Amino acid sequence: MLTHPTIDLLHKLGLLGMAKGFKELESQPEAHSLTHAEWLALLLEKEATLRRQKRFESRARAAKLRQSASVEDVDYRTPRGLDRGLFLKLAGCDWVRARHNLLITGKTGLGKSWLACALGQKACREDLSTAYYRVPRLFSALAMARADGRYARVLRQIAKVDLLILDDWGPETLNADQRREIIGDPTIADAILDRLVHNAYRIELSGETKRKKLDPDPVST
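None of these values were measured; they are calculated from a predicted model.

(A) Region of interest: the packing of helix α4 (residues 84–91) against helix α6 (residues 112–125). Two numbers describe how α4 lies on α6: the axes approach to 9 Å, and their chain directions differ by 35°. Across from F87, L90 and A91 in α4, the residues of α6 making contact are L115, L119 and K122. Grouping the amino acids of the contact of α4 with α6 by side-chain chemistry returns five nonpolar, no polar and one charged.

Below, the structure is given as structure tokens:
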């Protein structure tokens, strides 16, 4: 069999997964007993797997998630009120496809950002476009975009994302412009709240913050 010319052709066609699979099968004596259809099926699966991985890597880079987290690593033993059944359902990402919202609330240090990033990473694996923003930085970016004429274009880019993760809403006080544009008008504020809450899933965390456990014991005096 003309192994090298075939691999070269697969590379020229951009079928890198099939090329890699072809080399692997050629090195396995038991693979020679496979039918042509079985060979082709295995090569196509290699190609599909590689393309899924590359799409995930591209989605993950674009998402710029704050933390490296995955739904498989969630600790359900920590007493913080996390509903395992609900979270596993959310990990399926059907709520993202249905364009529903998710609100994660609770005290600082309970893992809200980590859980959000875990769901964001899973969305990337499900081939859903994802973007992560800390709210204070998003406001700053929007202000700069408004100043240099990119405001409408930036909003369109954000609107195209399948999953938009807004983190750290509240720790930093809104300035006068942010309050006037977003919260200051009661009608706009009510509309924003209604859209966020309507058809939204909720994860309400409670319990002792993890950050306290990391602090050293106070020295007795």
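(B) Examining the packing of aromatic side chains more closely. Across all of its chains, the model carries two aromatic pairs by this definition. Ring geometry for F22 versus W39: centroids 5.5 Å apart, planes at 70°, classification edge-to-face. Here the residue F22 occupies a position in helix α2 (residues 16–26), and W39 occupies one in helix α3 (residues 36–63), the gap between them amounting to 17 residues. One exposure class covers both F22 and W39, and it is buried. Residues Y76 and F87 carry aromatic rings whose centres are separated by 6.4 Å and whose planes lie at 70° to one another, so their mutual orientation is edge-to-face. One end of the pair, Y76, is in the loop between α3 and α4; the other, F87, is in helix α4, and eleven residues separate them in sequence. The ring of Y151 carries R146 above its face, with NZ or CZ at 4.0 Å from the centroid.

(C) Main features of the environment of L86. Mapping L86 onto the fold places it in helix α4. When the C-alpha positions of L86 and Y201 are compared, they lie 8.9 Å apart, and in sequence the two are 115 residues distant. Excluding anything up to four places from it in sequence, L86 contacts Y201, R202 and I203.

(D) Fine view of the pattern of salt bridges. Under the counting rule described, the total for this entry stands at 14 salt bridges. Here R52 and E45 are joined by a salt bridge, their closest N and O atoms 3.3 Å apart. We classify R52 as partly exposed; its relative accessible area is 43%. A salt bridge links E72 to R125, with the nearest nitrogen and oxygen atoms 2.6 Å apart. Separated by 53 residues along the polypeptide, E72 in the loop between α3 and α4 and R125 in helix α6 bring together distant segments of the chain.

(E) Quick peek at the packing of α3 against α6. Their axes nearest at 8 Å, the elements α3 and α6 cross at an angle of 140°. Between α3 and α6 lies a crossing of right-handed hand. For the pair α3 and α6, the contacting residues are F56, R59, A60 and A63 in the first and Q121, C124 and R125 in the second. For the contact of α3 with α6, the residue count by class is four nonpolar, one polar and two charged.

(F) Structural detail: unusual backbone geometry. Its identity is not glycine, yet C93 carries a phi of approximately 70°, on the positive side. Residue placement: C93 occurs in the loop between α4 and α5 (94–97). Classification of C93 by relative accessible area gives buried; the value is 1%. One non-glycine residue, R99, adopts positive backbone phi at about 60°. As for its placement among the helices and strands, R99 is situated in the loop between α5 and β1 (101–105).

The rules behind each value
Residues numbered from 1 in each chain as written. Predicted model: local features only at pLDDT ≥ 70, side-chain atom pairs only at ≥ 80, totals over all residues. Heavy atoms only, no water. Axes fitted to C-alpha atoms, helices over the stretch in contact; angles between N-to-C directions. Helix = DSSP H or I, 4+ residues; strand = E, 2+ residues; numbered from the N terminus. Contact = heavy atoms within 4.5 Å. Nonpolar A, V, L, I, M, F, W, Y, C, P; charged D, E, K, R; others polar. Phe/Tyr/Trp six-rings, centres within 6.5 Å; stacked < 30°, edge-to-face > 60°. Buried < 20%, exposed > 50% of the residue type's maximum accessible area, 1.4 Å probe, protein only. Lys NZ or Arg CZ within 6 Å of the ring centre and 35° of its normal. Salt bridge = Lys/Arg side-chain N within 4 Å of Asp/Glu carboxyl O. Left-handed = near helix turned anticlockwise from the far one by under 90°.

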